[in-house]
Amino acid sequence: MNRYDYNGQVAVVTGGSSGIGLETVKLLLDCGAKVALCARNANRLESVHSVLCRDYGEERVLSRAFSVLDADATRGFAVEVEKRFERCDLLVNNAGQGRQSTFADTSDEDWRAEYELKIFSQVHPIRAFMPMLRAANGAIVAVNSLLAYQPEPHMVCTSSARAGVQNLLKSLSTEFAPDVRVNSILIGLVSSGQWTRRFAERQDQSISREEWYRALALRKGIPLGRLGDPQEAAHAIAFLGSRGASYITGAQIEVSGGLSRHI
Ligand code: NDP
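Going by what an unreviewed UniProt entry lists, the chain is known as Short chain dehydrogenase and is assigned to Haematobacter genomosp. 1. Word for word, the UniProt comment on the chain under Sequence similarities (unreviewed entry) is "Belongs to the short-chain dehydrogenases/reductases (SDR) family."

Written out as structure tokens, the structure is:
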């Protein structure tokens, strides 16, 4: 199901080696884009890179291992993308992870680390790719969480940092208009990296993946009765980044199976 035309366009996906990021990379390649991706773990990125080159051709893929919290490395990545692909039409800020902790067990260091991750995983790539995005009349799509609007006490610092990210994106959508559109998706529970890890650490190891996920969806009260697939998040990203969304900026799409309680 490839409904977005990315022919002649270049997309950058941070955190592109797993889960939502990887499915976004594949969907954008399927839709005709050239794609640059990054992640920290060089080994995992290298295996993903080999598969992508095999399936889509190495001239369409650029992969670099670094953390988006490293401003110099992020700038260097933008320079390489420009040298190799000469443009950037879409920046998908996806890199990151959630943090489970209540107020009682979140240290000052945890608060700083969480805010650094959430804010600078937006700031560094946006600053580095902005000149190319402006030149291309491009778009930014941030992958954020429903926790921004619907905080959970057991994820207190990630919820509050994510609310800050939504606020930041709204400001940027105004500051960058009309040149660059800025939108986000709000994830509920998608069965990728962090849930795979939590499943592996489950207390009762005899429970199957399907049973564990079904029970989780029931416990969370997800109206669609299941966790989302990373591909379903990728489709919302590809839509918001496409020319089909040309009159949408400062907006967000929930990819949560109906989990939100607000209207
Ligand atoms: P995954 O763990 O499957 O993928 C995360 C990706 O980000 C990996 O490629 C990881 O690679 C990369 N990454 C993490 N930190 C950095 C960093 N500092 N610099 C560069 N790359 C980084 O997670 P998901 O696909 O589940 O999550 C994608 C995004 O969606 C995340 O931002 C997450 O917080 C958000 N989200 C997901 C939810 C879910 O239910 N899945 C719910 C709410 C939000 P590496 O470790 O090698 O760096």
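Assigned secondary structure in the chain consists of eight helices and seven strands. The globule rule puts the C-alpha radius of gyration for 263 residues at 18 Å, and the 18 Å found for the chain is close to it. Each of the 263 residues in the chain was classed as buried or not, and the buried ones make up 51%. For the chain, the accessible surface area stands at approximately 12,800 Å², while carbon and sulfur atoms represent 50% of it. Each charge class in the chain can be summarised by its mean position, and for the 30 positive and 29 negative side chains these summaries are 2 Å apart.

Attention shifts here to unusual backbone geometry. For the bond running from Ala177 to Pro178, omega is 0°, close enough to zero to count as cis. Tracing the backbone shows Pro178 in the loop between α5 (156–175) and β6 (181–187). The backbone phi angle of Asn137 is positive, close to 55°, even though this residue is not glycine. Position of Asn137 relative to the elements: it lies in the loop between α4 (108–136) and β5 (139–145). Asn137 sits in the partly exposed class, given a relative accessible area of 47%.

The strand order across the open sheet built from seven strands is β3-β2-β1-β4-β5-β6-β7, with neighbouring strands paired in parallel fashion. In this open sheet, the two strands that pair with only one neighbour each are β3 (61–65) and β7 (252–255). Between one strand axis and the next, the sheet turns by 15° as a mean value, whatever way the strands run. In this structure, strand β2 (residues 34–39) lies alongside β3, joined through five bridges in parallel fashion.

All right, on to the site of the ligand then. Taken together, 30 residues surround the ligand, and among them Ser17, Ser18, Arg40, Asn94 and Ser192 come closest. Taking Arg162, its side chain carries an N or O atom lying 2.8 Å from an oxygen atom of the ligand. Contact between the ligand and Trp195: an oxygen atom at 2.9 Å from a side-chain N or O atom of the residue. The fraction of the free accessible surface of the ligand (890 Å²) that becomes covered by protein chains is 95%. If you list the elements that add at least two residues to the shell around the ligand, you get α1 (19–30), β5 and α6 (193–200). If you tally residues by element for the shell around the ligand, the top one is α6, at four residues. Across the shell around the ligand, the residue classes tally to ten nonpolar, 16 polar and four charged. Composition of the shell around the ligand by domain shows at least three residues from each of domain 1 (10–190 + 230–254) and domain 2 (193–227).

Taken domain by domain, the chain comprises domain 1 (10–190 + 230–254) and domain 2 (193–227). Centre-to-centre separation of domain 1 and domain 2, based on C-alpha positions: 25 Å. Contact residues are listed per partner, giving eight residues for domain 1 and nine residues for domain 2. Summed over both sides, the interface between domain 1 and domain 2 buries roughly 770 Å², with carbon and sulfur atoms accounting for 47% of that surface. Contact with domain 2 buries area across many residues of domain 1, yet Leu189, Val190 and Glu232 alone supply 57% of it, more than any other trio. Remark: the boundary between domain 1 and domain 2 carries one salt bridge. Between Arg226 and Glu232 there is a salt bridge, with the nearest N and O atoms lying 2.8 Å from each other. Inspection of the region where domain 1 meets domain 2 yields one residue pair in polar contact (both at pLDDT 80 or more). Here the side of domain 1 that touches domain 2 is built from residues that sort into three nonpolar, four polar and one charged.

Conventions adopted
- Residues numbered from 1 in each chain as written.
- Predicted model: local features only at pLDDT ≥ 70, side-chain atom pairs only at ≥ 80, totals over all residues.
- Heavy atoms only, no water.
- UniProt positions renumbered as here; feature names shortened; annotations may be inferred.
- Helix = DSSP H or I, 4+ residues; strand = E, 2+ residues; numbered from the N terminus.
- Rg over C-alpha atoms; globule rule 2.2 N^0.38 Å.
- Buried < 20%, exposed > 50% of the residue type's maximum accessible area, 1.4 Å probe, protein only.
- Areas by Shrake-Rupley, 256 points an atom, 1.4 Å probe, with all protein chains shown as cover.
- Lys, Arg positive; Asp, Glu negative; His and termini not counted.
- Charge placed at Lys NZ, Arg CZ, Asp CG, Glu CD.
- Pairing = 2+ DSSP bridges.
- Axes fitted to C-alpha atoms, helices over the stretch in contact; angles between N-to-C directions.
- Near = heavy atom within 4 Å.
- Polar contact = N/O pair within 3.5 Å; in protein donor to acceptor, adjacent residues only side chain to side chain.
- Nonpolar A, V, L, I, M, F, W, Y, C, P; charged D, E, K, R; others polar.
- Domains from an automatic or database assignment.
- Contact = heavy atoms within 4.5 Å.
- Buried area = accessible area lost by both parts, 1.4 Å probe.
- Salt bridge = Lys/Arg side-chain N within 4 Å of Asp/Glu carboxyl O.

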